Amino acid sequence: MAEVTMDKIVSLCKRRGFIFPGSEIYGGLANTWDYGPYGCELKKNIKDNWWKTFVMQREDMVGLDSAILMNPKVWEASGHVTSFSDPLVDCKKCKTRFRGDKLIEEKSNEVYPELAKKHIEEWIDSEEKDISKDNNAFSREQALELMPLLEKDQGKFLMEALTPLLQFLDITCPSCGSHEFTKPRSFNLMFKTFQGVIEEQAAAIFLRPETAQGIFVNFKNVQTTSRKKLPFGIAQIGKSFRNEITPGNFTFRTREFEQMEIEYFIEPGSEKEIFETWCQISMNWFTDLGIKKENLHFREHTKEELSHYSSMTKDIEYKFPFGWGELQGIAYRGDFDLSQHQKFSGEDLQYLDPQTNKKFLPHVIEPSFGLDRTVLTFLINAYHEEKVESEERVVMRFNKSIAPIKVAILPLSNKLQEKSYSVYKQLKEYFTAEYDLSGSIGKRYRRQDEIGTPYCVTYDFESENDNAVTYSFLMLLIPSLQLQKGKIVSLYKGYENEQKEVFYQKPVKKAINLVQRGANILEIIDLDAHNGEGENLSIVKSIVLNTNVPIIYGGGINSFDQIENLINIGIDKVILGKRAELIIKQAINVFGYEKIIFGLLSRGRYVKLQENDKTQEIEVLRYAEKIVSFGIKNIIIKDLDTEGTLLPHFDETDRVISFFKNINVFHAGGISEIKHLQTLKKIGCKGALINKALMLNKLDINDALKYI
């Protein structure tokens, strides 16, 4: 796959309406960005999923939405007024301003506090009186003067060490190449504004630089009204503002940004276990939504890096196109914040343990997610380029739950507008849907590819007669491509890479395309390839030769010769049905049971078999046991109508569970609720097929996967 670059991501975002430059028609405003129609949907979906995961589905979490403007004393208590600053230097030649510590980190690929300490210790340990004379840095004696500041005043130490390190590492101005910089100055990152109509110092307030302090000052209010007992957390999503001097890399670092933060209050002494738990929970949230594990890692902060309030911090970093960057921080803040606010406000913020009647200030674990960085991460992770017949195109593969548009309705012709639009109106009540009539069907599918739409509904001329539409749905049973009567129905490679397809294209061409996209198993259904050496068997053979992936075939097989033909051309597994019962033993003896899957077709409680022109009704379990006695080890039970539960359809529960444990049984059809999956898991099913239930929004796929 082609390399993903920031230029490609920025271009896509502008082209497809994810993110636009801020105030663009007026020449823009540096490092401000506006989220377009698809971008705001993506952002909202991520927020909703985060809130559902960390608040709605947990009993120990509550929410808060605090004000952006707060009493200035809040920021005095938190330390932001005195210590929330960056060390800035100016190039003496071109007058451009930079963060000195970032210039050093970019040149050395080391974190500045660690690098500064390392070099100072080297200077001190050196026997030379002035080892860095040639680099115009400072002497051993000067290094000795800095050493005590390592323990007493970290901020002052960083400022003092900055100039000699810029010289020692031969840092040049990124704008003009000059080596001359001014001495560093401290620059507070908070945006200042004024409350009221008169701009005077007494009325000065700040835009909040973080959402956390709004949670801390409301701790007592929230705990009292929610009656939560430790441990419990308060979550908040909201805007923060930092006057960063070196923002950049698109939306990775901006002056206005949104945070998803949790302050989790705990009893002192329990921090280590809870800290590690939150680290794993946080990582799982990203991977559950499809972020590739190989592009994520933890980075633990060194002693020199730790904030003054933290004794334990880990970052989850993502491998962006420009390198590893912080995606989320998990910090153990102790009782610093509550103790500071208790001291400055005079209010008692202690927690009363109802069991011991002991009062104490809770300690805090803080998982802090950057929403804008998270959106950027999902955009990069979803970005794929593929080449189809010398044509390159972009496909965005979002997890279904966060995709901006869930379903697109694409009429095959302008003549089909009226009824196809009625389908759109019906779906619009339940999903973020899009109706697209502009351009060829191929171009419309490519547009949906580029915005990451997981479901596409094609309304064609046959729909006018049978009131049916063709759409892609999600199969959990077998990640596959289904070919029905020569038309492509759907492709699936697990639940992360759902694809929508143009259903009338040629099977071989489309199968090759889908494998190029990453399909690892193809399933062909009802292609009528069993009729000797006919045309359709040749189609299947071409798919086998041109795709080089395992292929499963099913439908219309009633003779040993048909099985032999299919396996001889390279089919990996053959699904046999009711008409193939008499040849099962022969097929297993010749090809082995691993090549054969039996499809047990049923309606309600009974299997209907056609034998000697007479219809017989045989109990599902009895018939399944009969098939297993032939040597079959893989069975698909279809259309068992699981309204409520599966078990009532079987006579003996213990017998069912015992049978399902000893064979690979999959169930297809009639699954629309979690309770159906719970029953399947209980009796030992190895998997399930889910389709229309997902389209009707009756079953959440992430919940379903817990049972499959």
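Only a predicted model underlies this, so the values are computations on that prediction, with no experimental measurement involved.

1. Thoughts on the overall build of the chain
Stage number 1. Along its length, the chain carries 26 helices and 33 strands.
Stage number 2. Residues counted as buried form 51% of the 708 residues belonging to the chain.
Stage number 3. The contacts of the chain with a sequence gap of at least 6 include a subset with a gap of at least 24, amounting to 65%.
Stage number 4. Counting only carbon and sulfur atoms, one obtains 47% of the accessible surface of the chain, whose full area is about 33,700 Å².

2. Quick notes on the confidence of the model for the chain
Stage number 1. Here the chain shows a mean pLDDT of 75. Residues at 70 or above account for 66%.
Stage number 2. For the chain, per-element mean pLDDT is lowest for strand β29 (residues 606-611), which scores 38, and highest for strand β3 (residues 61-63), which scores 95.
Stage number 3. Low confidence marks residues 529-534, where pLDDT is under 50. Its contacts with residues over four positions away, or in another chain, come to 13 contacts.
Stage number 4. Here residues 641-645 scores under 50 on pLDDT; set against residues more than four positions off or in separate chains, the count is 12 contacts.

3. Some remarks on the sheet that holds β3
Stage number 1. Pairing is mixed across the open sheet formed by seven strands, whose spatial order is β3-β9-β10-β16-β13-β12-β11. Two strands close off the open sheet at either side, each with one partner strand: β3 and β11 (296-300). Within the sheet, the average angular offset between the axes of one strand and its neighbour, ignoring direction, is 25°.
Stage number 2. Of the strand pairs in this sheet, β11 and strand β12 (residues 312-320) are connected by five bridges, and their pairing is antiparallel. Residue pairing in the sheet places F298 in a bridge with I316 of β12.
Stage number 3. Along the sheet, helix α11 (residues 219-226) makes contact with β3, β9 (232-241) and β10 (256-266), crossing β9 at roughly 140°.

4. Here's the deal with the side chain of S401
Stage number 1. Structurally, S401 is set in the loop between β18 (391-396) and β19 (407-411).
Stage number 2. Classification of S401 by relative accessible area gives buried; the value is 17%.
Stage number 3. Of note is the side chain of S401, whose polar atom sits 2.7 Å from the side chain of N399.

5. Some details on helix α1 (residues 6-16)
Stage number 1. Looking only at α1, the buried set comprises M6, I9, L12 and C13. Projection of α1 onto a plane perpendicular to its axis shows the buried side chains occupying an angular sector of 130°, all on one side.
Stage number 2. Of the residues flanking the end of α1, it is G17, one or two places downstream, whose phi is positive at about 80°.

6. Notes on helix α2 (residues 37-56)
Stage number 1. Its 20 residues place the ends of α2 26 Å apart at the C-alpha level, agreeing with the 28 Å of an ideal helix rising 1.5 Å per residue.
Stage number 2. Of the positions making up α2, those classed as buried are Y38, G39, L42, K43, N45, I46, N49, W50, F54 and V55.

7. Looking at the packing of α2 against helix α12 (residues 271-288)
Stage number 1. At their nearest, the axes of α2 and α12 sit 12 Å apart, and the two run at 145° to each other. Considering the relative orientation of α2 and α12, their crossing is right-handed. Judged by residue contacts, I46, N49, W50, T53 and F54 of α2 engage W278, I281 and W285 from α12.

8. What about unusual backbone geometry?
Stage number 1. Note that the residue after L230, namely P231, is joined by a cis bond; omega there is -5°.
Stage number 2. Relative to the elements of secondary structure, P231 occurs in the loop between α11 and β9.
Stage number 3. A positive phi angle is found at F250, which is not glycine, with a value near 60°.
Stage number 4. Structurally, the position occupied by F250 is in the loop between β9 and β10.
Stage number 5. Look at N357: it is not a glycine, yet its phi comes out positive at around 60°.

9. Focus on the pairing of β10
Stage number 1. Where burial is concerned, most of β10 is hidden: 10 out of the 11 residues are buried.
Stage number 2. With 10 bridges connecting them, β9 and β10 associate as antiparallel partners. Its bridge partner being in β10, F241 is matched across the sheet by E256.
Stage number 3. As defined by bridge partners, β10 adjoins strand β16 (residues 363-370) across six bridges and the pair is classed as antiparallel. Considered in β16, the bridge of E261 is made with S368.

10. Details of the packing of aromatic side chains
Stage number 1. Counted according to the given criterion, the structure contains 26 aromatic pairs.
Stage number 2. Ring centres of F54 and F369 lie 5.5 Å apart, and the angle between their planes is 50°; on these two criteria the pair is classed as tilted. One end of the pair, F54, is in helix α2; the other, F369, is in strand β16, and 315 residues separate them in sequence. Across the pair, F369 and F54 agree in class, each one buried.
Stage number 3. With 5.8 Å between their ring centres and 40° between their planes, F286 and F369 make a pair best called tilted. Placement of F286 in helix α12 and of F369 in strand β16 is noted, with a sequence separation of 83 residues between them. Here the two residues F286 and F369 agree in accessibility, since each one is buried.
Stage number 4. One aromatic cluster is present, built from ring pairs that chain together W50, W51, F54, Y264, W278, W285, F286, F369 and F378.
Stage number 5. In this arrangement the basic side chain of K314 is found over the ring face of F298, its NZ or CZ atom lying 5.5 Å from the centre.
Stage number 6. Above the face of the F252 ring, R373 is positioned so that its terminal group lies 3.9 Å from the ring centre.

11. With respect to the side chain of H363
Stage number 1. Note that H363 resides in strand β16.
Stage number 2. A relative accessible area of 15% means that H363 is categorised as buried.
Stage number 3. Of note is the side chain of H363, whose polar atom sits 2.5 Å from the side chain of Y332.
Stage number 4. The contact partners of H363, leaving out residues within four places of it in the chain, are Y264, F265, I266, P268, Y332, G334 and D335.

12. Remarks on the pattern of salt bridges
Pairing is possible between side chains of opposite charge, provided their charged atoms come close.
Stage number 1. One pass over the full model with this rule turns up 18 salt bridges.
Stage number 2. Residues K43 and D372 are paired through a salt bridge, measuring 3.3 Å at the closest nitrogen-oxygen approach. With K43 in helix α2 and D372 in helix α14 (residues 371-382), this pair connects stretches of sequence that are 329 residues apart. Each member of the pair, K43 together with D372, is buried.
Stage number 3. Between R393 and D449 there is a salt bridge, with its nearest N and O atoms 3.7 Å apart. You can see R393 sitting in strand β18 and its partner D449 sitting in helix α16 (residues 441-451), a full 56 residues away along the chain.

13. Overview of the packing of α1 against α14
Stage number 1. Contact pair α1 / α14: the axes reach a minimum separation of 11 Å and the direction vectors enclose 100°. Considering the angle they form, α1 stands roughly perpendicular to α14. For the pair α1 and α14, contact is made by M6, I9 and C13 and by L376, L379 and I380, respectively.
Stage number 2. Of the residues assigned to the contact of α1 with α14, the class counts are six nonpolar, no polar and no charged.

Reading guide: rules and limits
- Residue positions within a chain follow its written sequence, with the count starting from 1.
- Only residues with pLDDT of at least 70 are given local features in this predicted model, and only at 80 or more are side-chain atom pairs given and counted; all residues enter the totals for whole chains, interfaces and linings.
- The side-chain figures draw on all heavy atoms in the structure; neither hydrogens nor water molecules are used.
- For helices the rule is a DSSP run of H or I covering at least 4 residues; for strands it is a run of E covering at least 2, with both sets numbered from the N terminus onward.
- Throughout, exposure labels follow a simple rule: accessible area from a 1.4 Å probe, protein chains only, divided by the maximum for the residue type, with under 20% read as buried, over 50% as exposed, and the rest as partly exposed.
- Here a residue-residue contact requires only that any non-hydrogen atoms of the pair lie within 4.5 Å.
- Accessible surface area values rest on a Shrake-Rupley calculation with a 1.4 Å probe, where residue burial reflects the displayed protein chains alone.
- By definition, pLDDT measures how confident the predictor is in each residue, and it falls between 0 and 100.
- One bridge is not enough; two strands pair if DSSP finds at least two bridges between them.
- In this description, a line fitted to the C-alpha atoms serves as the axis of each element, helices being fitted only across the stretch in contact, and the angle between N-to-C directions of two axes falls anywhere from 0 to 180 degrees.
- In the analysis that follows, any N or O atom pair within 3.5 Å is treated as a polar contact, provided that within protein one partner can donate a hydrogen and the other can accept it, and provided that, for residues neighboring in sequence, both atoms belong to side chains.
- Note that the arc is defined by the directions from the helix axis to the C-beta atoms.
- An expected span of 1.5 Å times one less than the residue number is assigned to each helix.
- Two helices crossing with the near one rotated counterclockwise from the far one by less than a right angle form a left-handed crossing, whereas a clockwise rotation gives a right-handed crossing.
- Only Phe, Tyr and Trp rings take part, Trp by its six-membered ring, and two of them pair if their centres are within 6.5 Å. Stacked means planes under 30 degrees apart, edge-to-face means over 60, and tilted covers everything else.
- Lysine NZ or arginine CZ positioned within 6 Å of the ring centre and within 35 degrees of the ring normal marks a charge as sitting over the ring.
- We count a salt bridge whenever a side-chain nitrogen from Lys or Arg sits within 4 Å of a carboxyl oxygen from Asp or Glu.
- Each angle gets one of four labels, with under 35 degrees taken as roughly parallel, over 145 as roughly antiparallel, 65 to 115 as roughly perpendicular, and the rest as oblique.
- Gly is placed with the polar residues, together with every amino acid not listed as nonpolar (Ala, Val, Leu, Ile, Met, Phe, Trp, Tyr, Cys and Pro) or charged (Asp, Glu, Lys and Arg).

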